[in-house]
Amino acid sequence: MKSDCMQTTICQERKKDPIEMFHSGQLVKVCAPMVRYSKLAFRTLVRKYSCDLCYTPMIVAADFVKSIKARDSEFTTNQGDCPLIVQFAANDARLLSDAARIVCPYANGIDINCGCPQRWAMAEGYGACLINKPELVQDMVKQVRNQVETPGFSVSIKIRIHDDLKRTVDLCQKAEATGVSWITVHGRTAEERHQPVHYDSIKIIKENMSIPVIANGDIRSLKEAENVWRITGTDGVKKKMTLQWAAVATFLYAEIGLILIFCLPFIPPQRWQKIFSFNVWGKIATFWNKAFLTIIILLIVLFLDAVREVRKYSSVHTIEKSSTSRPDAYEHTQMKLFRSQRNLYISGFSLFFWLVLRRLVTLITQLAKELSNKGVLKTQAENTNKAAKKFMEENEKLKRILKSHGKDEECVLEAENKKLVEDQEKLKTELRKTSDALSKAQNDVMEMKMQSERLSKEYDQLLKEHSELQDRLERGNKKRL
């Protein structure tokens with residue numbers, strides 16, 4: 001097939017790889033394909049305003065391959081028209097691969113239109129009807145990959161979403177496995193025209209992909225492009241930590257800091273016990289157990305999510321490593337895997353240190369109590385020793401006094417002991433009498449209480465009867481009146 005009849009010039013700057021732009025960490029500004037507008041003059045104009053990547057208008061691949069006139073009218077380019085993606089409408093893999101071979105010296109890649117909702121396109125088997133034919137899309141991508149051997153030549157698709165988003169995610173994953181360089185997602189269904197764009201759906205698709213995803217739909221200014229970029233997390237966005245993982249990382253550093261502070265050797269446990277006894281901790285303690293369990297559940301959920309991401313990108317990593325046609329996608333997957341592993345370590349260590357921190361606080365509290373009890377017991381033992389020494393000294397004095405006074409005093413002491421025993425017996429007898437009197441008084445109190453309850457019930461009954469009599473009397477008076 002001849003391509004020299006086209007009004008084109010081979011661009012000397014085809015080294016500008018669009019995939020590298022998506023991995024640059026900056027917002028990639030793409031001029032979407034627009035019917036009758038996205039031709040060379042318009043593309044030259046938008047490039048002067050920092051447009052990073054331009055598409056041609058949709059070209060029907062069958063006409064482009066069969067007609068030189070179609071090539072001359074539909075596709076023109078020049079040396080400054082880089083990087084450039086040619087968008088084709090196709091439903092035949094062979095014709096598409098032939099069209100791709102014609103444009104490959106003059107463009108950076110081709111794009112398969114699977115999103116045009118116009119009736120004529122869908123009636124011909126082009127555009128949005130292809131989102132329901134994933135096998136055909138896969139076959140077209142494979143054929144182009146096999147026929148075009150130019151290094152770095154991209155093959156992308158532009159799609160719309162299904163009502164059931166799972167079908168869209170499945171289509172994208174099949175296209176990714178076939179070798180698509182990136183996917184452009186217009187956030188409307190084939191039936192929707194001017195309804196709001198479902199940017200949340202684009203975000204979900206992006207989260208399930210490891211290749212670049214371009215958001216499309218209702219983006220009319222740079223500010224809107226930046227807003228959509230932030231909302232969807234599509235490629236071109238600089239992959240910083242998300243807010244949740246930044247919070248978990250901060251939480252992890254705070255845990256490590258607290259553990260190090262608690263382990264400082266010059267702060268004794270008693271000091272921590274005093275700190276823990278502040279009123280503010282007493283107020284927090286009422287919510288502590290709930291907060292502790294809530295944080296554990298959150299960390300477990302994040303940990304499991306990180307495990308899922310690691311498993312996902314590890315499997316993709318194995319596939320991409322064997323692929324020689326897409327080293328850029330392999331690097332992108334490696335970066336995704338690295339981030340998921342980082343998130344796994346952050347959530348896992350946060351959970352571990354949270355449990356260690358709880359245990360450490362408990363141990364410090366218990367140690368402080370044990371040390372306090374030890375101090376009290378030590379004081380009691382010292383006091384007991386002093387008292388024992390004092391009693392021993394007094395006992396020695398008494399022994400010396402007894403020896404000096406002789407037997408007479410022993411008789412006196414015996415008499416006094418007998419008297420003390422008698423007094424003790426009398427006191428026991430009086431205590432028994434007092435106890436009997438106390439129990440009798442308690443019984444009397446119980447009886448009085450029961451009588452009081454009976455009187456209260458009788459009083460309530462009388463009040464009830466009085467109120468009934470009063471009601472009858474009032475009704476009688478009303479009848480007389």
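In this text the structure is predicted, and so the values were computed from the model without any measurement. (Residues numbered from 1 in each chain as written. Predicted model: local features only at pLDDT ≥ 70, side-chain atom pairs only at ≥ 80, totals over all residues. Heavy atoms only, no water.)

**Student:** Looking at this model, I keep getting lost on the UniProt feature "transmembrane region" (unreviewed entry) in the protein chain. Mind explaining?
**Tutor:** Within this numbering scheme, the UniProt entry marks residues 245–267, 287–307 and 344–361 as carrying the feature "transmembrane region" (unreviewed entry). Along residues 287–307 the backbone is 100% helical and 0% strand, and the end-to-end C-alpha distance reaches 30 Å. (UniProt positions renumbered as here; feature names shortened; annotations may be inferred. Helix = DSSP H or I, 4+ residues; strand = E, 2+ residues; numbered from the N terminus.)

**Student:** Is there a simple way to think about the nonpolar core in this case?
**Tutor:** As a rule of thumb, soluble globular proteins bury nonpolar side chains together. Phe 88, Ile 110, Ile 157, Ile 159 and Ile 183 are the most contacted members of the largest nonpolar core, which has 59 residues in total. Of the residues forming this core, the biggest block, 7 residues, is contributed by helix α5 (residues 93–103). By size, the runner-up hydrophobic cluster in this structure holds 20 residues, among which are Ile 259, Phe 292, Leu 337 and Leu 360. (Core = buried A, V, L, I, M, F, W, Y, C linked by side-chain atoms within 4.5 Å. Buried < 20%, exposed > 50% of the residue type's maximum accessible area, 1.4 Å probe, protein only.)

**Student:** I would appreciate a short explanation of helix α9 (residues 199–207) in the present structure.
**Tutor:** Residues lying three or four places apart along an α-helix face the same way, a consequence of the helix completing one turn every 3.6 residues. Every buried residue of α9 is listed here: Tyr 199, Ser 201, Ile 202, Ile 205 and Lys 206. Looking down the long axis of α9, one finds its buried residues gathered within 155 degrees of arc, a one-sided arrangement. (Arc of directions from axis to C-beta.)

**Student:** I tried to follow a negative patch on the surface on my own but got confused; where do I start?
**Tutor:** On the surface, a cluster of negative charge is made up of Glu 465, Glu 468, Asp 471 and Glu 474. Its location among the elements puts Glu 468 in helix α14 (residues 327–480). (Patch = residues over 30% accessible without salt bridge, like charges linked within 9 Å, V, L, I, M, F, W, Y side chains within 5 Å. Areas by Shrake-Rupley, 256 points an atom, 1.4 Å probe, with all protein chains shown as cover. Salt bridge = Lys/Arg side-chain N within 4 Å of Asp/Glu carboxyl O. Lys, Arg positive; Asp, Glu negative; His and termini not counted. Charge placed at Lys NZ, Arg CZ, Asp CG, Glu CD.)

**Student:** Whenever I open this one, the packing of aromatic side chains confuses me. Can you help?
**Tutor:** Summed over all chains, the structure comprises 7 aromatic pairs. The structure contains a cluster of three or more aromatic residues connected by ring pairs, namely Phe 64, Phe 75 and Phe 88. Above the plane of the ring of Phe 292 lies Arg 358, whose end atom (NZ or CZ) is 4.4 Å from the centre. (Phe/Tyr/Trp six-rings, centres within 6.5 Å; stacked < 30°, edge-to-face > 60°. Lys NZ or Arg CZ within 6 Å of the ring centre and 35° of its normal.)

**Student:** I would appreciate a short explanation of helix α7 (residues 134–147) in the present structure.
**Tutor:** End to end, α7 covers 20 Å across 14 residues, agreeing with the expected 20 Å (1.5 Å per residue, within 8%). Within α7, burial applies to Pro 134, Val 137, Gln 138, Met 140, Val 141 and Val 144. The arc that holds the buried residues of α7, viewed along the axis, is 160 degrees, so those residues lie on one side. Across α7 from its buried face, at more than 90 degrees, point the exposed residues Glu 135 and Asn 146. Residues of α7 that are buried make contact with α5, β5 (109–114), β6 (154–160) and α8 (165–178). (Expected span 1.5 Å × (residues − 1). Contact = heavy atoms within 4.5 Å.)

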